[in-house]
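# Topology and contacts: notes
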Amino acid sequence: MEVLLDDARLADVAHALFELSIVDASISRLIVRRLIREGPPPEVPAQIARSAPFAEVVLFQTPGDPALAAACARLRAVHDRTLQTAGKLSEAAALERALANLEDAAFELPPLEAIVADPRSFGSGAHLRFATALAERSGAPLEWREGTCTPAAPATLDAFVTALRWAAGGGDEIARRLMCSPFSGVASVDARALVVAAGARTSLADTIAAQKPGATGFLTALDAIRNAYRAQGARASEVIRTIAAELDLPSADAATVAQIERIAGAVDAVDLLTGTVWDPEELIAAFDAEIVLNISGQAREAAPAPVAAVPPGSPLPPRRGHFSASSLNAFAECKRKWFFRYLCSAVEDKGSSASFYGTAFHSALEAFHERFPHIAELDPRTVTTHLEACITSAFDRYRDAFESNVEFELQRRRAIRTARKYGEWLVARSAQAPFTVIGCEISTELVLDGFDFVGYIDRLDRDDRTGEMTVVDYKTGSIATSAAEYREKVLGFEDFQLPFYYWARTEAGDRVTRLVLLPLKEATADVLPIELEVVPVPAQTNGKRVDRAIVGTISIDELRTARAKMTELCAVISSGSLTHFPATEDPQACRYCAYRPACRERPANNEDRFGR
Amino acid sequence: MNAAMGLDDQQRGVVAAPGEALVILTGAPGSGKTTALLRRAAARIAADPSISLERFILTSPLPRAGRLRTLVHEVIDPVRHRELESIPWLGGELATLAHAILAENALAAQLALDLTLIDEDESEIAFERAGASLFALEWTEFVSAEIDPELAGMRAPERFAAAALRLFRKLRAALIGPDQFLDRALRGAVEFYSAPPNFADPALLGATREDYRDSLSVDADELQRQRLREVDLAKVLGRLYQSYLDELVRAGCLTATDAIAEATRLLAEHPEIAQRYRRNFVAAFIDDAQDLTLGALRFLEALFGKDLSGVTLAGDRDQATQTLAGARPERIFTLAATTMELRGSYRTSATIAAAARTALGTPQSAAGSNDVRLFRARTLDEEAAFIADEAARLVARDANPGDVALAIRSFVWMRFYRDALVSAGLPVTMRGWIDLYDEPDVEDALALLWAACDPFRHDWLLRALATPTVRLNDLGLYLLCGEPSNPQTALFELPDDGDSVRSRWDRRRNLRLALNVVRGDRDADLDEPTHAAVVAFRERRSRWERSLLELRVEDAATAIIEEGGLREPVRGENDARAALRRDLLDALLRRITAYAVRDRRRSLHDFLTYAERTTLADRPPFDAIGSEGVAIGSIDALKGHEFAHVFVCNLRAGAFPAYYSPDAFLFSPTFGVIPKDNVGDAETTRTAKFTWYSHHAKLKDLYTSEDRRALFCAISRARESVTLTASGRATRGIGAPEFLAELQNARLPYATDLSGSWRPRSRR
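All figures in this text were calculated on a predicted structure; none of them were measured in a lab.

### Some remarks on the interface of chain B and chain A
- The interface of chain B with chain A comprises 103 residues on the first partner and 86 residues on the second.
- Counting residues per element, the side of chain B that touches chain A draws most heavily on helix H25 (residues 528-550) of chain B, at eight residues.
- For the side of chain B that touches chain A, the class distribution of residues is 53 nonpolar, 17 polar and 33 charged.

In structure tokens:
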């Protein structure tokens, strides 16, 4: 007979060799933890009572602090009484009795062939004395062998923990996690694809149901696990057995599964001994406290893949479809970003609270101006009231887009305050030069040298006296601080937005004389639009003097140059000759770029720093 | 070893000084403080070999990448080295001792019994949990409208959280708890607003930038409004601070600063425990004492008594570079003690020392050789090329690469300089708070690891497909991101998610690339070389995925990185570049191993998520990468080291020193919370209190002074030559001083200005 001495088998050994009925140490610890859970001792801070080693303190130590010592003594007394009532010995008492038996020459010990002991549990104290005495008395060799598990152990444990949480009423997030476990029975790629397909708003069950072949087996497993827990009087070991049956465990770590089953059995034993009922979180805590993942394993002999030769650049197919000013802006800013965004389109740019502020604000102003195209007819109070109503309603529609409640609330308030300033400006402006809003979010199409452009003009105003048109672009982020600076951007081919709108509306027969950027970022500042008057002849620059005026001019020739650059870029993009899209050299462009991880060509940071 | 061997008279005096009283050892850089301190410790230990080494403390508040520990080994009897191994506070961090005391007395400390010491970046995750309910506006104070959430900085929750955590760390380092913080904040508000200062003070107006002058034009109503916002902010910060500490306690983990604060509390609350330790510890030897926080000082007092008998502190006020992080040199060097100043000079020449003093703002004259050189390049690239050229020249002239150092204030710009050195064929080592996950080589590794764990992380998969063993060109990437040409190829059906906000995004795009790569849905559309590369990658990825179950986390990561070919030589790169890549990958694997070993339940996916989260961390963990080569180090990490030749780079406004831009709120024990942003129905962007306080406390000057000391410290690392460099045209120094320009303008007779005269070796 071979005797195995470890945490899991001591009760069996004690019974087989000494006819002792004991509860092993892990059950004792679980009893203490159950007692704490049922009635937390007021003298013990929660973080101590909750920490795994505290059960050992209760059972075997007397803390220096009198109140703490009293609490431990109280818990220990209840524990001892519980065992006594059930006619069981504690592990410590059983070891003492077994040692006494071994010293008793009259005691008849069955013949043993070998004793294999786990040094972690039998390497010290009474356990060590017992193992040594047993070996001496039986004459069997004592071999020390540490229990180990395979590298699959953490995933195995995680699968059971997740399944337990699901059983106890866990939501969709838990179901997704379980499906992505290597033991869910769903191929890993399918599992992750289903999670991605479900996204943030669809339930996993609906997503699975929508598939043709489907992973309906997994849904059945989920039901079975939950039903097993919900069954009246369900024991921990029964639920664990169901989980084990529903999971696909051939590649799981058998030692860990055995430990899980043992602890579930121990929890059931605690139920019987204490007359109380287990709880999944208690079982999970018991796994944390009692399971030691002693993972054995060694590195794999790795065979590096050969480094590939630099591939020849193959031209990408000509880009089909339409262009937009913003896509050309992106191309001008960073060709690699343009490649990732417009050609690959594999990574979602999820936006930020600042971008949703802008979207909601645009939407609010669209609603407002569609209802009130002629501001001069309104009194200032009406303007403010309706603007605020439109902002509130627009932000409510976008509430879920914001990352947190506080961002939503504060961006909404910021928008309301900014809208008030905007209202003041609007009233003053329309009193000075009455105008009519011809349209908002105007869908605009234009063919330039055979290239189709589309875009949306935020707002188009017609001067009531002259009939001249103004293209208005709302800006809720940082913009140029002067007309000259914006004009420089246009001339430097960094911004094609307003030139495109100009040519689109001119083509449509409008007489556009003014291009306006309307800053709607800060509530503390008055609204001071950047305005470029379209003039036939370029204005003379002031040499080196910096022109900080917010009103300036841009000539038709300059707008024509911008247009020519637009078609030139379109021709490049559509040429079918581009083989590579290099990254920008300006690291600032990478700061909030959604494609940062994807980009191997990202320049190193060289931004000026701000210390705190 | 004779403890006094090779020492000068003053140093011998230090070794022999009586051990009962507090001894403070000061002296200029290179005066032999550390040597004297170590010998004093060695003599004390050797005096009675029967005393356990555990009863001595020898530490520095700065991470030294093991250097202090190596030095301890050198001075302690080799017979005792084995004993030394298990005592981390002999040459390691003071916090390890605090942690050991807490672990021994966890019940009395009322902390979890399985307490762990964590890095600062890990504490940010605990902080995130603590702040979640605040940003969700779930606090009862918000629900009941008791507090208005419109608070300084709150509009950007991430930045607010970062600023709050920075503040809490400083408070913790100063042993100010949440209750004290709130008390002082409210008291400060009452005192300030009940008798506001003269906002029309001409000196104040004159010192305030025009953009912010309007903030001083406030009436009583506006001040009252600002006060209410400030009080709400103080309450929110107080509660958040408490929640953060509760979260750490709940999770049973503490940072080094927390451990010192908690251990000090424990010893103050339990005099009997303090007495026990006081009897136990024989002596403490603290190097770099100028960087000790108030908390660390109080901890030492708790262990050695108020008079700190048995403690020896060694330091130099002029090298204090942690005052903004909570160090209090003014308290340390004014303690009642036997103060001994070392006047020897064992490192720098008189001219280098004079240059260091001039940089500090206390010009000193000197005559001698031209071992101080100044260089202003036109561009950052040229500056980096200059340093690389000069370093290569020194190495060619027999300088050991490890005896050449590049001191930088912040690792943000490190890559320019490092890559230039490596391109010049010079191996490098790095010491400091390195943003490892921002290194392209490491990102390549992370991309492969992500591909194994979750190929639907398309941002990483795109990168993985461009790594050297796959190397798809742009056409290949483009094709793999597209729809399969065969319409029969099944894609996942996507139920309508009713999301109108992001409706422009086709959610199928979240699936295509991964399915095309892993399932081969688009194989038929690929040209032969791309097809072959993708198929090979697919096979490798599939093996890697299996290895996640078959191998331990660190072994799986090692295999993936190896098999992904990231360690293989790349055509055209030199040895230094290949070594750098291997060093960086080793550093990554060390972090993965440490992460996994700390808790064997963790998976590789957990690590990747953690790494992604900590990319946003305020300060990455300290690391030492590489074993031999030109030493690139942040200045704090180079303290205690010396080199034959030192380059101090990027000495320009906005880099060294950085522009001072305070957080959304500050805290002063006297004035309470000082919100920067004026929020709510405000007409100005800044609060009056902030504008006034900036002038009153001379914040910018304090900030700049710290950088001057850092520069002093950096220059003082040099034995034979120091080269100070910058790039671009110097500003007028209004936003921040131009350190190099100041030195150039000082026309130091012993300094050579190479600006304009240097030509790259390749063009000479």
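### Brief notes about the sheet that holds strand S11 (residues 622-625) of chain B
Residues and elements named next belong to chain B.
- Pairing is mixed in the open sheet, where eight strands are placed in the order S11-S10-S12-S9-S13-S17-S8-S18. Two strands lie at the open edges of the sheet, namely S11 and strand S18 (751-753), each paired on one side alone. On average, adjacent strands in this sheet sit at an angle of 15 degrees to one another, irrespective of strand direction.
- By the bridge criterion, four bridges tie strand S10 (residues 428-433) to strand S12 (residues 630-634) in an arrangement that is parallel. Counterpart to Val428 in the pairing with S12 is Val630.
- Contacting strand S9 (404-408), S10 and S12, helix H20 (residues 414-423) runs over the sheet at an angle of about 180 degrees to S12.

### A word on the environment of Ala71 of chain A
Residues and elements named next belong to chain A.
- For Ala71, the position within the fold is in helix H5 (residues 66-85).
- For the pair Ala71 and Ala302, spaced 231 residues apart in sequence, the C-alpha to C-alpha distance is 55 Å.
- Once residues lying within four places of it in the same chain are set aside, the contact partners of Ala71 are Pro41, Glu43 and Val44.

### Section: the environment of Ile48 of chain A
- With respect to the helices and strands, the residue Ile48 of chain A is situated in helix H3 (residues 46-50).
- Expressed as a C-alpha distance, the spacing of Ile48 of chain A and Ser355 of chain A, which sit 307 residues apart in the sequence, is 46 Å.
- The contacts of Ile48 of chain A, once residues within four sequence positions are left out, are Phe54 of chain A together with Leu107, Gln110, Ala112 and Leu113 of chain B.

### Considering the confidence of the model for chain B
- Confidence in the prediction for chain B averages 92 pLDDT; 96% of positions are at 70 or higher.
- With a pTM of 0.93, the predicted complex shows an ipTM of 0.92.

Conventions we followed
- Residues numbered from 1 in each chain as written.
- Chains lettered and ligands numbered in written order.
- Predicted model: local features only at pLDDT ≥ 70, side-chain atom pairs only at ≥ 80, totals over all residues.
- Contact = placed C-beta atoms within 7 Å.
- Helix = DSSP H or I, 4+ residues; strand = E, 2+ residues; numbered from the N terminus.
- Nonpolar A, V, L, I, M, F, W, Y, C, P; charged D, E, K, R; others polar.
- Pairing = 2+ DSSP bridges.
- Axes fitted to C-alpha atoms, helices over the stretch in contact; angles between N-to-C directions.
- pLDDT = per-residue confidence, 0-100.

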